[in-house]
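Residues per chain are reported as follows:
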Amino acid sequence: QVQLVESGGGLVQPGGSLRLSCAASGTIFSIYTMGWYRQAPGKQRDLVAGITAGGSTNYLNSVNGRFTISRDNAKNTVYLQMNSLKPEDTAVYYCKADIGTTGWARRDYWGQGTQVTVSS
C-alpha cells in the first residue's frame, strides 16, 4: 500500500512563485522516476517535469527555465519549484512516482492533485 500526498498549490499573481511537494509513504522498496503532470479543464494531462532516481531531469519546453524539479530520496519526496508563473500555468498538478513495493512489484502511483491558479 502506497500513498502520494501533494501540497503547496494555491492562488498566485502572474510573475509569482509556488513550491509543490509530493511525499510518498507506505511499503516502498525503491522509487524510480518521479514526475509532475498538469491538466487544465477540457485538456489532456501533460508531463511538466520528470526526474530519475539519479537526479537527471527533463522539462516541458514551455516551463523550461522557470520550473525546477528536485527530490529528497531520504524523505521519499519530490518538489516542483515554480517561478515566473503565467496564467497559462493554471491547472491541477499531479505527482506521479514509479515505485517498487517489493523486489518484483513495480508500477506508477498518482497523487490526489493540487490546484494552481495564476491570476490577477
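This text goes with the structure placed above it.
Residues numbered from 1 in each chain as written. Predicted model: local features only at pLDDT ≥ 70, side-chain atom pairs only at ≥ 80, totals over all residues. Heavy atoms only, no water.

Scanning the chain from terminus to terminus reveals zero helices and 11 strands. In summary, the chain has a C-alpha radius of gyration of 14 Å against a globular reference of 14 Å for 120 residues, a match within 12%. Buried positions account for 40% of the 120 residues belonging to the chain. Long-range contacts, defined here as pairs at least 24 residues apart, represent 55% of the contacts in the chain between residues at least 6 apart. (Helix = DSSP H or I, 4+ residues; strand = E, 2+ residues; numbered from the N terminus. Rg over C-alpha atoms; globule rule 2.2 N^0.38 Å. Buried < 20%, exposed > 50% of the residue type's maximum accessible area, 1.4 Å probe, protein only. Contact = heavy atoms within 4.5 Å.)

One pass over the full model with this rule turns up four salt bridges. Between Asp89 and Arg38 there is a salt bridge whose closest N-O contact spans 3.0 Å. You can see Asp89 sitting in the loop between strand E8 (77-82) and strand E9 (91-100) and its partner Arg38 sitting in strand E4 (residues 30-39), a full 51 residues away along the chain. Judged by relative accessible area, which is 1%, Asp89 ranks as buried. Residue classification places Arg38 among the buried positions, given a relative accessible area of 12%. Note that Asp108 and Lys96 form a salt bridge whose closest N and O atoms lie 3.9 Å from each other. Here Asp108, found in strand E10 (residues 106-110), pairs with Lys96, found in strand E9; they are 12 residues apart in sequence, far enough to count as distant. Exposure remark for Asp108: the relative accessible area of 35% places this residue in the partly exposed category. Each of Arg38, Arg66 and Asp89 takes part in salt bridges that share partners, so that together they form one network. (Salt bridge = Lys/Arg side-chain N within 4 Å of Asp/Glu carboxyl O.)

Moving on to the sheet that holds strand E7 (residues 67-72). Here four strands make up an open sheet; going across it, the order is E1-E3-E8-E7 and the pairing antiparallel. The sheet is open, and its two edges are formed by strand E1 (2-7) and E7, each paired on a single side. Each neighbouring strand pair of the sheet contributes to a mean axis angle of 15 degrees, computed without reference to strand direction. Strand direction decides the pairing type here: strand E3 (residues 18-26) and E8, joined by six bridges, are antiparallel. (Pairing = 2+ DSSP bridges. Axes fitted to C-alpha atoms, helices over the stretch in contact; angles between N-to-C directions.)

Let us now look at the state of the cysteines. Simply put, disulfide is the name for a covalent bond between the sulfur atoms of two cysteines. For the coordinates displayed, the defined rule picks out one disulfide. One disulfide bridge connects Cys22 with Cys95, the sulfur atoms lying 2.2 Å from each other. Residues Cys22 and Cys95 are joined by a disulfide whose S-S torsion is about -80 degrees; by sign, that bridge is left-handed. One end of the pair, Cys22, is in strand E3; the other, Cys95, is in strand E9, and 73 residues separate them in sequence. Note on Cys22: relative accessible area 0%, which makes it buried. (Disulfide = S-S within 2.5 Å.)

Attention now moves to the pairing of E7. Here E7 shows a clear split, with Phe67, Ile69 and Arg71 buried on one side and none of Thr68, Ser70 and Asp72 buried on the other. Summarising the sheet, E7 and E8 pair through six bridges and their orientation is antiparallel. Paired with Ile69 across the two strands is Leu80, which belongs to E8. Counting the residues between successive antiparallel strands, the hairpin from E7 to E8 contains four residues, one of them, Asn76, with a positive phi of roughly 50 degrees.

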